[in-house]
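# Coordinate inspection notes
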Amino acid sequence: MSECGGSLDRRITRMEDWIEVRRQLELESWSRLLQRLEIAVEHADSQMVLVQEGQERADKDVTALTESQGQVIRRLDTVESTLTTLSSEVGRLVHLLIQKEHDRA
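A brief report on the enclosed structure follows. Note that the structure is a prediction, hence the values are computed from the model and not measured. (Residues numbered from 1 in each chain as written. Predicted model: local features only at pLDDT ≥ 70, side-chain atom pairs only at ≥ 80, totals over all residues. Heavy atoms only, no water.)

## A short note on the overall build of the protein chain
Secondary structure assignment for the protein chain yields 1 helix and 0 strands. Rg of the C-alpha trace for the protein chain: 45 Å, well past the compact-globule value of 13 Å for 105 residues, more than 25% over. Counting only C-alpha atoms, the protein chain reaches 150 × 15 × 10 Å along its principal axes. The burial tally for the protein chain puts 2% of its 105 residues in the buried class. When the accessible area of the protein chain is evaluated, it comes to approximately 9,900 Å², of which 60% is carbon and sulfur surface. (Helix = DSSP H or I, 4+ residues; strand = E, 2+ residues; numbered from the N terminus. Rg over C-alpha atoms; globule rule 2.2 N^0.38 Å. Buried < 20%, exposed > 50% of the residue type's maximum accessible area, 1.4 Å probe, protein only. Areas by Shrake-Rupley, 256 points an atom, 1.4 Å probe, with all protein chains shown as cover.)

Written as structure tokens, this is what we have:
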């Protein structure tokens with residue numbers, strides 16, 4: 001009977017060893033999965049930083065374009081005002097030339 005008990009003890013020990021090996025493999029698997037998740041989170045964080053930097057650059061570009069557009073509009077207003085003044089002066093000069101022609105005749 002003790003031989004039977006010894007055999008059972010060995011089987012229980014082997015079963016406990018197998019359970020311990022299985023547990024270690026599961027822990028290693030979970031550890032590898034956790035490492036991959038940590039790497040994925042780090043990658044996502046770095047991508048988010050790049051996206052934020054890109055957004056900041058885009059915001060600066062939009063601001064610069066808006067300022068440039070304002071400058072262009074102000075310059076166009078100046079050109080329009082200058083053209084209006086020139087047109088008025090040309091009209092006045094034409095009127096004077098016509099009047100001079102009339103006076104000569």
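## Describing the pattern of salt bridges
Taken as a whole and judged by the stated rule, the model has 4 salt bridges. When the shortest N-O distance is used, the salt bridge between Glu 89 and Arg 92 registers 3.1 Å. Residue Glu 89 and its partner Arg 92 are located together in helix 1 (residues 2-104), separated by 3 residues, close to a single helical turn. The partner of Arg 104 in a salt bridge is Glu 101, with the nearest N and O atoms 3.9 Å apart. (Salt bridge = Lys/Arg side-chain N within 4 Å of Asp/Glu carboxyl O.)

## Comments concerning a nonpolar patch on the surface
Taken together, Met 15, Trp 18 and Ile 19 make up a surface patch of nonpolar side chains, about 350 Å² in accessible area. Inspection of the secondary structure assignment puts Met 15 in helix 1. (Patch = residues over 30% accessible without salt bridge, like charges linked within 9 Å, V, L, I, M, F, W, Y side chains within 5 Å.)

## Some thoughts on a negative patch on the surface
Residues Glu 53, Glu 56, Asp 59 and Asp 61 make up a contiguous surface patch of negative charge. By the element assignment, Glu 56 lies in helix 1. (Lys, Arg positive; Asp, Glu negative; His and termini not counted. Charge placed at Lys NZ, Arg CZ, Asp CG, Glu CD.)

## Brief notes about the environment of Leu 97
Structurally, Leu 97 can be placed in helix 1. What makes Leu 97 exposed here is its relative accessible area of 57%. Spatially, the C-alpha atoms of Leu 97 and Trp 18 are 116 Å apart, while their sequence positions differ by 79 residues.

## Re the environment of Ser 88
Note that Ser 88 resides in helix 1. Residue Ser 88 is classed as partly exposed on the basis of its relative accessible area, which comes to 48%. Separated by 74 residues in sequence, Ser 88 and Arg 14 place their C-alpha atoms 109 Å apart.

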